[in-house]
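Architecture and fold: a report
Here's the letter readout for the chains.
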Amino acid sequence: MTRYSLLATRWKSKSILLATAAMVVAGANPEAALAQDAAQPAETSNPGEDIVVTGFRNSLIIARDIKKTAVIQMDVIVAEDMAKFPELNLAESLQRLPGVQITREAGEGRRISLRGLGPDFARVQLNGMEVLGNVDSAQDSRGQRSRDRAFDFNIFASELFSRVEVEKTFQAAQNEGGMAGTVGLFTGKPFDYASGTKGALVVKGGSNQYTKDGQFRVAGLLSHNWDNRFGITISAAYSERKTSEQGHNTYNYSHLGKTETVDGKLVGDAVDLVNGGLDISHLSAEKQARFMAGDLYFADGNRISSWNAKQQRLGITASVQWRPADNLLLTLDGLHGEFTTHRDELHLATRPIHGLGSTTLDTAAGSPWPSQFNSPTVLNDFNVDANNYVTMTNASNVTFGSEHRRELNKNKFNQLALTGKWDASDRLTIDGHVGYEKSNYDTPYDDKFYMRAKGNLVADYGADGRSATFTYPGFDTTKAANYAMDNFYYRSFYNSSELLEGVLNLRYKATDALTVRAGGAYHRFTQDGASYFYDGGDNGTTKKARGTSITGITDVFSNSFGSWLVGNYDRGFAKYNEYHRLVPNSDGTGGVLVDIENVYKTKEETVSGYLQLDLDTELFGKHLRGNVGLRGYHTNTRSQGWIQGDSYAYLGTADVKGSYSGVLPALNAVLDITDETLVRFAATQNLNRPSLGSMAAQGKAFKNEDTGEISASRGNPNLKPFKDTTLDFSVEHYFGKVGLVSASVFHKWIKNFIGSQDLSNVRFGDIGIPISSIPGATADTIVKSYSIPINIAGTKSLTGVELAAQSQLSFLPAPFDKLGVLANFTYVDADEALTGISDVSYNATVYYETDKWGMRGSMSHRNRWYTGHNSDPMSADTRGFEGSTYVDASAFFNITPKLQVTVNAINLTNAKDTQFWGQARYLYNQTQSGTTYMGGIAYKF
């Protein structure tokens, strides 16, 4: 039985969502406050008149009380009302909590980093079970398709949830994992609400400044409670919205290499580029010499882009509770979620045919390209910085690529969990759950429609290389005569995850001061997938389409940064007799699909158990609460993956097993110094299972035909988990009905980081790759070089400080006494190897509420953060995001006690999302997604 289950039992027929401020009026007796009836008056301005506190302020009151009574370090967010979470997105609510940072996609919160560790280290649970999420990003630079352990909060509609808990310290009774912490999502239960029928309906509509579409959200909840004996709650949420991220980006850089003049011609490392194929005669003598020095880095891509999507989200929850006896409660929870995205990515970029990388520099194309492609680029001018990075190019006759990528992405999530709680006696309680969930991510098609163009470009990244301005002098980017067809590229992807879990807990109250808890859990996780790539050469479209006219198969696309021609799929497919396919065309063109990647399946099976002592006693006359315990675990792993050779040839399937086990101690203590002030301390160990990519048994094997030497690589299912030791100390002071001031400091020592090991002269029979993958090999054949992920020795550490405060400013004279504020600040000092976090983040919200109307504004900021580091100053392996600040606002007006009008504004400042590469932080990708406005009505009964 969980701590929150005890609170829920005390509340019984009272509604979390309609709870009154009487819950905290009891002051020094919070348990008595929690037992107040939801219909009981909280404040009385006139005798006989009941004022029920609802809305944002009431959600703070309830969340604060849960935090105060918790034994572990945690923060909580509670829904303002039925089907009415404080924000439109769960991640955006979570970022208001200290220690939580989020990533955004199209302006909407997606993944979280918690307490100094990236998204892979934050575990998410739904109604007590770990949540599986297979998701994607629109952008390659953000890791477009990820098979990892991180959860994407974009999958679920926020209206489906009644509360979110963030457990920041570990206790033995919690399943191991989630080294940064555990985020618990909870849907509404029928016994959360008073007897009888309760319901709510929320309808919202709006638009975005870029998409100018009609966006809408609708959510409803219906619950009936038969006197806490039997109850049913059903909720559903559906939304549609269009998104558009627009901006400038690059593909990092290409290095020119040394150049010299031989017999009057330029020759060098980039022979195709300089051997008579590039005109630099317009440069000054000084600039020509600078160019020929060969140490220049030119920006790749020079791209203007628009990632446009139409999103549809559906969520349905159902909960059935049955109390067949006073001491037995059964709860069946189900959730179905669908998140579908129809995406169109539209780009105009430099794309040489025979030039340097994807820079502005190209040579004559030759057949089958039209005449305008058969002359080289003229480099008119360029600027270079101290790192030899070219920050500006002025070039004529540049080759461009127009890319229209269309995608259909489908996410489906299903969970079914049966929870039971039996009070076997006054002292013994048994509870637990069994559940199953499955998450599918499927991309039936991800197609690219390529065209090429010739024109002029001035690409200016500013003196520091961190901004972008593109102009196209004399080049009509919307004129069909400047373009030619290239080809089609067909792709498809799928990922699937499954979880089967069973948990059993026993709680025995030995004395008033000591409760003994013990239990066990079974956890079976599987994940598999594959990626299919069928490019224009293999599928035959290059041969029949390249160099042909694009007349009649294009559209003019415009965004805030420019206009250009893009391919129209319907007309293009009709002209070339094409369609999405991964097999030869019905007209006989195209060959066999050969590029199949990321083919592997991973399975983890864990059995764990724990023993925990819960203390509730006195120390030096002060109330002491806490727990101390041990959790033991044993995990078996197995991964099966393709071994591939040249041209992605399938050579066999590796099947590798592994295992690990251990014991995790945990201590949590709370000392109530006064009724309002408490001190928390925790000393714990926890783990985080290795990344799925590192564990995958997929790999490669090659035999050099000249030397006969064999090289191979694969993932390692026998990796040990990350493991941390954490100390946590905090002081919290509670005052008034809303007020809270807290300060926390924590330190983590982390070991078992994953690196790569390169071995030489290894027996083939010892590397876990099928011997048959190399013809003629035996178990004793020597593999010259072999690479595998391993756990590396050493410890990484981080230290963090969290400060938080919230208050109702009731001491101010009317009408300002209805003002309230909450704010937090987080600082993390972490080892450079710990990426995905900002060293500083802070949030602030100001709200004003009366019983008739209210409004609030929120600001969230995080400093620059890195996703990778490299010691080479010009390496693109050093990358990350610049700091960002987002501002949101909302308001409500109660027409009647049951009918409310709401207004929301998301991303009011149209903040820029900026990625960089290299130690000089050169521009990688910068987009904006516009401000979204939503208005709606909410009706409850």
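Note: the structure precedes this text.
Quick summary incoming for the structure in this document. (Residues numbered from 1 in each chain as written. Predicted model: local features only at pLDDT ≥ 70, side-chain atom pairs only at ≥ 80, totals over all residues. Heavy atoms only, no water.)

Another aspect to go through is the overall build of the chain. Each helix and strand counted, the chain has 11 helices and 47 strands in total. Each principal axis of the C-alpha atoms in the chain carries an extent, and together these give about 100 × 70 × 55 Å. The proportion of buried residues among the 941 residues of the chain is 56%. For the chain, contacts bridging at least 24 residues in sequence account for 72% of all contacts bridging at least 6. Across the chain, the centroid of the 92 positively charged side chains sits 3 Å from that of the 101 negatively charged ones. (Helix = DSSP H or I, 4+ residues; strand = E, 2+ residues; numbered from the N terminus. Buried < 20%, exposed > 50% of the residue type's maximum accessible area, 1.4 Å probe, protein only. Contact = heavy atoms within 4.5 Å. Lys, Arg positive; Asp, Glu negative; His and termini not counted. Charge placed at Lys NZ, Arg CZ, Asp CG, Glu CD.)

Before going further, it helps to examine helix H10 (residues 569-576). For the α-helix, the turn length of 3.6 residues means that residues three or four positions removed from each other point alike. Taken together, the buried positions of H10 are Tyr569, Gly572, Phe573 and Tyr576. Mapping the buried residues of H10 onto a view down its axis gives an arc of 95 degrees, with all of them on the same face. Across H10 from its buried face, at more than 90 degrees, point the exposed residues Asp570 and Ala574. The secondary structure elements touched by the buried residues of H10 are strand S20 (390-423), strand S21 (428-460), strand S23 (483-509), helix H9 (541-545) and strand S26 (562-567). Between the side-chain oxygen of the N-cap and the backbone nitrogen of Asp570 there are 3.2 Å, and the N-cap of H10 in question is Asn568. Directly after H10, the chain includes Asn577, whose backbone phi takes a positive value near 55 degrees. (Arc of directions from axis to C-beta. Polar contact = N/O pair within 3.5 Å; in protein donor to acceptor, adjacent residues only side chain to side chain.)

Now for the side chain of Arg689. Tracing the sequence through the fold places Arg689 in the loop between strand S30 (677-688) and helix H11 (692-695). Its relative accessible area of 11% is what places Arg689 among the buried residues. Reaching out from Arg689, the side chain makes a polar contact with the side chain of Glu176 at a distance of 2.9 Å. Among residues more than four places away in sequence, those in contact with Arg689 are Arg149, Glu176, Glu604, Thr606, Thr635, Tyr660, Pro721 and Phe722.

Centre distance and the angle of the planes are the two values used to describe a pair of aromatic rings. Counted according to the given criterion, the structure contains 35 aromatic pairs. Considering the side-chain rings of Phe151 and Phe156, the 5.7 Å spacing of their centres and the 40 degrees angle between planes classify their relative orientation as tilted. Considered together, Phe151 and Phe156 belong to a single accessibility category, that of buried residues. Judged by centre distance (5.8 Å) and plane angle (50 degrees), the rings of Phe156 and Phe161 are tilted. Take Phe156 and Phe161: they sit in the same class, and that class is buried. (Phe/Tyr/Trp six-rings, centres within 6.5 Å; stacked < 30°, edge-to-face > 60°.)

Looking now at the pattern of salt bridges. All chains considered together, the criterion is met by 47 salt bridges. Between Glu732 and Lys67 there is a salt bridge whose closest N-O contact spans 3.8 Å. On the criterion of sequence distance, the pair formed by Glu732 in strand S33 (residues 722-735) and Lys67 in helix H4 (residues 55-69) is long-range, its members being 665 residues apart. As far as the burial class goes, Glu732 and Lys67 line up, both buried. Put simply, Asp888 and Arg96 hold a salt bridge, and the shortest N to O gap is 3.1 Å. (Salt bridge = Lys/Arg side-chain N within 4 Å of Asp/Glu carboxyl O.)

Looking now at the side chain of Ser884. Its location among the elements puts Ser884 in strand S43 (residues 884-894). For Ser884, the contacting residues outside a window of four places in its chain are Ser860, His861, Arg862 and Lys912.

Let us look at the pairing of strand S45 (residues 912-917). Of all six residues in S45, five are buried; the element is thus mostly enclosed. In this sheet, S45 lies alongside strand S42 (residues 879-881) in antiparallel orientation, the contact comprising three bridges. Each residue of the ladder has a partner; that of Arg879, found in S45, is Trp917. Here S45 hands over to strand S46 (residues 922-928) after four residues, with Gly918 in that stretch at a positive phi of 80 degrees. (Pairing = 2+ DSSP bridges.)

Let us now look at unusual backbone geometry. With omega at 5 degrees, the peptide bond leading from Ser367 into Pro368 counts as cis. The residue Pro368 is located in the loop between strand S18 (328-350) and strand S19 (378-384) in this model. Of note, the amide linkage connecting Ala814 to Pro815 takes the cis form, showing an omega dihedral of 5 degrees. Its place among the elements puts Pro815 in the loop between strand S37 (795-808) and strand S38 (819-830). The phi dihedral of Asn752 is positive, around 70 degrees, even though this residue is not glycine. Here Asn752 is to be found in the loop between strand S34 (739-751) and strand S35 (754-763). If you check the backbone angles, Asn907 has positive phi at about 60 degrees while not being a glycine. For Asn907, the location among the structural elements is in the loop between strand S44 (899-906) and S45.

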